[in-house]
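Below are the chains, spelled out letter by letter.
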Amino acid sequence: MEYKDEKLVEEKVFKDPVHRYIHVRDKVIWDVIGTSEFQRLRRIKQLGTTYLVFHGAEHSRFHHSLGVYEIVRRIIDDGFSGRPEWNNEERLVTMCAALLHDLGHGPFSHAFEKVFDLDHEQFTQAILLGDTEVNAVLRRVAPDFPQKVADIIGKTYPDKLVVSLISSQIDADRMDYLQRDAYFTGVSYGHFDMERILRVMRPTEEQAVIKYSGMHAVEDYIMSRYQMYWQVYFHPVSRSAEVILTKILHRAKQLHASGYIFKQEPVHFHSFFDKTFVLEDYIALDENILMTYFQVWMKEEDAILSDLCYRFINRRLFQYAEFDPATEYRKIGELEQLFKEAGIDPAYYLVTDSSSDLPYDFYGPGEENERLPIYLQMKNGDLSELSRSSDVVDAISGKRRTDHKIYFPEDVLEAGKAKNPLYGRILHMLKG
Ligand code: ZN
């Protein structure tokens, strides 16, 4: 029997709090899960710094990746099986892409990518196609199999239906993370009737569409995404932690460049500081390693590095205030000046941060925001874009909401304002 068709003697079942059970029958899937690059995802949290706000949010990208796999497996095996539109040959490659779509995420990806100018999607491609354990498993299926998986994840795969299951406005990725993040944060939004959505999903050549009778389940999904973004993903306090994390990495990078001798040399980061890293260096990183450096750097001579690490480890986060970059850009300049006069480095202690989300839109291919809309399949078989039938979705379609915050160490300013009137003036400017 060919490797791609091999089944496990006994089905493997993972207990999962969101999908109850995750079923693995294919030998290839089981072997992929066992590779060191996939196991690494256990050591990278799904929501980065969010656990500092919602303490339950310690779940990893490993959980989420298995969940996305399970949703795709159910769509294929339960929903699409036996349908002439579905090409059975595509089953395994689609499930592998689902399982591996986040493979290139690094530790605290947001901050890490920002500081070192990296892109996790490029690393996903590099791990799939490079000299790795995952690549060796995929290559056993067929020499071009790793490239096919990479193409689905990179959205260049010719079968658009397959791509849409992994990345579209209603895909297995989002369906898993919304429910999983809601579960682990403990919030009450984020829940929707996925079973119903899967039952009314229909394959077409271009993408999966939704039977008209399932419209309300999809509305619920769109609204839960909208709420999760503002209540959880863009939470101003977890952004504060992320700001500090980013500044720690910036400070370490800057110290390294200036020849500073660390008590604990960041050997894991040297090749990133110097831009000489290879894939192996990236795969060797995880959040445990970063946290270890933050712990020991609390004792560094450099006051900024040790303070920022202390803040991150002990959750002494920055305070925030609203600000409007369109009308208040002058205020930022003034504040920077005052910070310098007060002896507080604004490059590390006065930080602006913006979040922006577009809950749903229906722009066509080639337009500025190329996102395939969600289509309903009407009773006569015609396809109709979701917001044309749903008033709820229409109300939020194409509406981008942006939120700007400015972060600063209120604790330092409060403590020092009696001695230094400048601190009080800064506080007044920031908090009004
Ligand atoms: Zn994902």
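Everything quoted here is computed from the prediction, not taken from an experiment.

Undergrad: What should I look at first to understand helix α4 (residues 91-100) in this one?
TA: Note: α-helices contain 3.6 residues per turn, so residues at a spacing of three or four share the same orientation. Within α4, 10 of the 10 residues are buried, leaving the element largely enclosed by the surrounding structure. For α4, the set of buried residues is Arg91, Leu92, Val93, Thr94, Met95, Cys96, Ala97, Ala98, Leu99 and Leu100.

Undergrad: Sorry, what's going on with the packing of helix α6 (residues 120-129) against helix α7 (residues 133-141) here?
TA: Two packed helices can be described by the angle between their axes and the distance between those axes. At a minimum axis separation of 6 Å, α6 and α7 run at an interaxial angle of 60°. With respect to their mutual orientation, α6 and α7 come out oblique. Here Ile127, Leu128 and Leu129 of α6 lie close against α7, whose contacting residues are Val134, Asn135 and Leu138. Considering only residue class, the contact of α6 with α7 consists of 5 nonpolar, 1 polar and no charged.

Undergrad: Would you explain the coordination of the zinc ion in this entry?
TA: Around a metal, the perfect tetrahedron of four donors has angles of 109.5 degrees, and the perfect octahedron of six donors has angles of 90 or 180 degrees. Those protein atoms acting as donors to the zinc ion are His64 (NE2), His101 (NE2), Asp102 (OD) and Asp173 (OD), and they sit at 2.1 to 2.3 Å. Considering all 4 donor atoms around the zinc ion, the spread of angles at the metal, 82 to 175°, places the coordination shape in the irregular class. Taken in chain order, the donor set of the zinc ion reads H-x36-H-D-x70-D. Residue His64 is found in helix α3 (residues 61-80), and its partner Asp173 is found in helix α10 (residues 172-185); the two are separated by 109 residues along the sequence. The same class applies to His64 and to Asp173, which are both buried.

Undergrad: Quick question: what am I supposed to make of the pattern of salt bridges here?
TA: In a structure, side chains of opposite charge can pair up when their charged atoms sit close to one another. Per the counting criterion, the structure on display carries 27 salt bridges. Here Lys405 and Asp403 are joined by a salt bridge, their closest N and O atoms 2.8 Å apart. The buried category is assigned to Asp403, whose relative accessible area is 14%. Beyond isolated ion pairs, a larger network of salt bridges with shared partners links Lys7, Glu11, Arg25, Asp26, Glu70, Arg73, Arg74, Asp77, Arg91 and Glu195.

Undergrad: Help me out: how do you make sense of the sheet that holds strand β6 (residues 351-357) in this one?
TA: Strand pairing in a sheet takes place through backbone hydrogen bonds and is either antiparallel or parallel in direction. A sheet is described by the order of its strands in space; here 3 strands give the open sequence β5-β9-β6, paired in antiparallel fashion. The strands lining the two open edges of the sheet, one partner per strand, are β5 (319-322) and β6. Strand-to-strand twist in this sheet, taken as the mean axis angle between neighbours without regard to direction, amounts to 30°. Relative to strand β9 (residues 401-408), β6 is paired through 7 bridges, and the arrangement is antiparallel. Bridging from a neighbouring strand, Val351 pairs with Tyr407 of β9. Contacts from helix α13 (residues 236-257) reach β5, β6 and β9, with the element oriented near 55° to β9.

Undergrad: Sorry if this is basic, but what is going on with unusual backbone geometry here?
TA: A negative phi angle is the norm for most residues apart from glycine, just as the trans form is the norm for most peptide bonds. A positive phi is found at Phe108, a non-glycine position, where the angle reads about 40°. Structurally, Phe108 is set in the loop between α4 and α5 (109-116). The phi torsion at Asp117 lies on the positive side, around 55°, for a residue other than glycine. Considering the arrangement of structural elements, one finds Asp117 in the loop between α5 and α6.

Undergrad: Teacher, can you tell me more about the environment of Arg20 here?
TA: Note on placement: Arg20 falls in strand β2 (residues 20-26). In this structure, Arg20 is in contact with Phe14 and Lys15, ignoring residues within four places of it in sequence.

Procedures and definitions
Residues numbered from 1 in each chain as written. Predicted model: local features only at pLDDT ≥ 70, side-chain atom pairs only at ≥ 80, totals over all residues. Heavy atoms only, no water. Buried < 20%, exposed > 50% of the residue type's maximum accessible area, 1.4 Å probe, protein only. Helix = DSSP H or I, 4+ residues; strand = E, 2+ residues; numbered from the N terminus. Axes fitted to C-alpha atoms, helices over the stretch in contact; angles between N-to-C directions. Parallel < 35°, antiparallel > 145°, perpendicular 65-115°, else oblique. Contact = heavy atoms within 4.5 Å. Nonpolar A, V, L, I, M, F, W, Y, C, P; charged D, E, K, R; others polar. Donors = N, O, S within 2.8 Å, 3.2 Å for Na, K, Ca; no water. Tetrahedral: all angles 85-135°; square planar, octahedral: opposite > 155°, others 65-115°. Salt bridge = Lys/Arg side-chain N within 4 Å of Asp/Glu carboxyl O. Pairing = 2+ DSSP bridges.

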